[in-house]
Amino acid sequence: MTSQPSSDSQLSRAKVVAIGGGHGLGRILSSLSDLGSNVTGIVATTDNGGSTGRIRASMGGIAWGDTRNCINQLITEPSIGSMLFEYRFRGNGDLNGHNLGNLILSALDNLCIRPLEAINLIREILHVDTYILPMSEHPTDLAAWLPDGSIVSGETSIDELQQIPKRLLIEPSVPATKETLVAIKQADLILLGPGSFLTSIMPPLLLSDLAHELKVCDAPIYFIANLDKEKGPAGKMSLETMLHWCERAMGGRKIDGILSAQHHPELAADYEQVVGEFASRNHEWRHDRQKLKNAVESLLIRG
């Protein structure tokens, strides 16, 4: 009789891919940091606001803000290097509001052959084991097609819309980073979110080669619902609509389940629902790392 592998053994081998951007992706990656290099974050690179937007406007390149945010949340050993990476300039000059981490990544990008090399250098310096992959290494912007037929370009403009767009698009069309496709192919579990739906979760799904890999992958795909309503047009979308948007982008691939703080009876027949108390004790709108980790590990052990 062959013995079954232990849960610890399953977890040590399991490969998880999380897709999104900014605070939400950083939260799920940091909650799974004990899995080390078996976890990969695929990060949106379309941000055009704040320090990131100013760098892109003057120097071009991909958006670094969400990548920096994820790395910040994964730093477990405080150091001079980590303090510098998180430092934000204040004052009246041109540097006011700039995050030094964005500037460092932009500088390393100019010194390296690929943006991914810049990220890997920072990961090595700051002792971050989790893989961080930009969704694409080519600059592109998020755009929204509105019900009246007009198109609005840029994440900041989309966040300010008063209506839900008909759909989103990437301009120009760019290929996914090749390592993202490999990570999805090898994954045992794929997570979408949490985070800003239109401007963090959706952009990677709009890359045709990445979306195709999600369509044909063997791994189950779970959507992590936010704990509070978003501001802007995404706050007017139901969870059912968000799932439909993701599935449409993935060529009709069904999402297998959701992690949510409440049961959604309208979804009961179509999706597995993992319902739990996920809120942080200090911030009800923020997921608790340990609770997220427990929920994800239960999916991995079961799968």
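Worth saying up front: this structure is predicted, and the values here are computed from it rather than measured.

On a plain count of helices and strands, the protein comes out with 13 helices and 10 strands. For 303 residues, the compact-globule formula gives about 19 Å, and the C-alpha radius of gyration of the protein, at 19 Å, lands near that figure. C-alpha extents for the protein along the principal axes are approximately 65 × 50 × 40 Å. For the protein, the residues scored as buried account for 53% of the 303 residues in total. Summarising the internal contacts of the protein: among those between residues at least 6 apart in sequence, 66% fall at separations of at least 24. As displayed, the protein has an accessible area near 14100 Å², and 50% of this comes from carbon and sulfur atoms.

Moving on, we come to unusual backbone geometry. For residues besides glycine, phi is generally negative; the peptide bonds are generally trans as well. Residue proline 172 is reached from glutamate 171 by a cis peptide bond, and omega for that bond is -5°. Inspection of the secondary structure puts proline 172 in the loop between strand E6 (167-171) and helix H9 (178-186). A cis amide bond links glycine 193 to the next residue, proline 194, at an omega of 0°. Mapping proline 194 onto the fold places it in the loop between strand E7 (189-192) and helix H10 (197-205). A positive phi angle is found at histidine 127, which is not glycine, with a value near 60°. For histidine 127, the position within the fold is in the loop between helix H7 (115-125) and strand E3 (131-134). Under the relative-accessibility criterion, histidine 127 is labelled partly exposed at 48%.

Looking now at the sheet that holds strand E8 (residues 221-224). Across the sheet, seven strands lie side by side as E3-E2-E1-E7-E8-E9-E10; this open sheet has parallel pairing. One side of each edge strand has no neighbouring strand; the edge strands of this open sheet are E3 and strand E10 (272-275). Strand-to-strand twist across the sheet, computed as the mean angle between neighbouring axes with direction ignored, equals 20°. Taken together, the four bridges between strand E2 (residues 39-43) and E3 define a ladder with parallel strand orientation. Within the sheet, the bridge partner assigned to isoleucine 42 lies in E3 and is leucine 133. Most of the contacts of helix H4 (residues 65-74) go to E3, to which it runs at about 175°, and overall it touches E2 and E3. Each of E7, E8 and strand E9 (257-260) touches helix H12 (residues 239-249); the most contacted strand, E8, lies at about 140° to it.

Quick look at the environment of isoleucine 164 now. Within the secondary structure, isoleucine 164 is located in the loop between helix H8 (155-159) and E6. On the basis of relative accessible area, isoleucine 164 is assigned to the partly exposed category, the value being 31%. Along the primary structure isoleucine 164 and isoleucine 80 are separated by 84 residues, whereas in three dimensions their C-alpha atoms are 44 Å apart.

Moving on to the pattern of salt bridges. Here the structure, examined in full by the defined rule, presents seven salt bridges. Close ionic contact of glutamate 137 with arginine 114 constitutes a salt bridge, the shortest N to O distance being 2.7 Å. Placement of the pair is glutamate 137 in the loop between E3 and strand E4 (141-145) and arginine 114 in the loop between helix H6 (100-111) and H7, with a sequence separation of 23 residues. Its relative accessible area of 18% is what places glutamate 137 among the buried residues. The shortest N-O distance in the salt bridge between arginine 253 and aspartate 256 comes to 3.2 Å. One salt-bridge network, held together by shared partners, links Arg114, Glu137 and Glu179.

Attention now moves to the sheet that holds strand E5 (residues 151-153). In spatial order, the strands read E5-E4-E6; together these three strands make up an open sheet with antiparallel pairing. On the outer flanks of this sheet lie E5 and E6, each paired with one strand and no other. Each adjacent strand pair in this sheet contributes to an overall mean axis angle of 30°, direction not counted. As paired strands, E4 and E5 are joined by three bridges and run antiparallel to one another. By the bridge assignment, tryptophan 145 is partnered in E5 with isoleucine 151.

Inspection of every chain in the model, using the stated rule, returns three aromatic pairs. With a centroid separation of 6.3 Å and an interplanar angle of 55°, the aromatic rings of phenylalanine 197 and phenylalanine 223 are classed as tilted. One end of the pair, phenylalanine 197, is in helix H10; the other, phenylalanine 223, is in strand E8, with 26 residues separating them in the sequence. Here phenylalanine 197 matches phenylalanine 223 in class, with each residue buried.

Cut-offs applied
- Residues numbered from 1 in each chain as written.
- Predicted model: local features only at pLDDT ≥ 70, side-chain atom pairs only at ≥ 80, totals over all residues.
- Heavy atoms only, no water.
- Helix = DSSP H or I, 4+ residues; strand = E, 2+ residues; numbered from the N terminus.
- Rg over C-alpha atoms; globule rule 2.2 N^0.38 Å.
- Buried < 20%, exposed > 50% of the residue type's maximum accessible area, 1.4 Å probe, protein only.
- Contact = heavy atoms within 4.5 Å.
- Areas by Shrake-Rupley, 256 points an atom, 1.4 Å probe, with all protein chains shown as cover.
- Pairing = 2+ DSSP bridges.
- Axes fitted to C-alpha atoms, helices over the stretch in contact; angles between N-to-C directions.
- Salt bridge = Lys/Arg side-chain N within 4 Å of Asp/Glu carboxyl O.
- Phe/Tyr/Trp six-rings, centres within 6.5 Å; stacked < 30°, edge-to-face > 60°.

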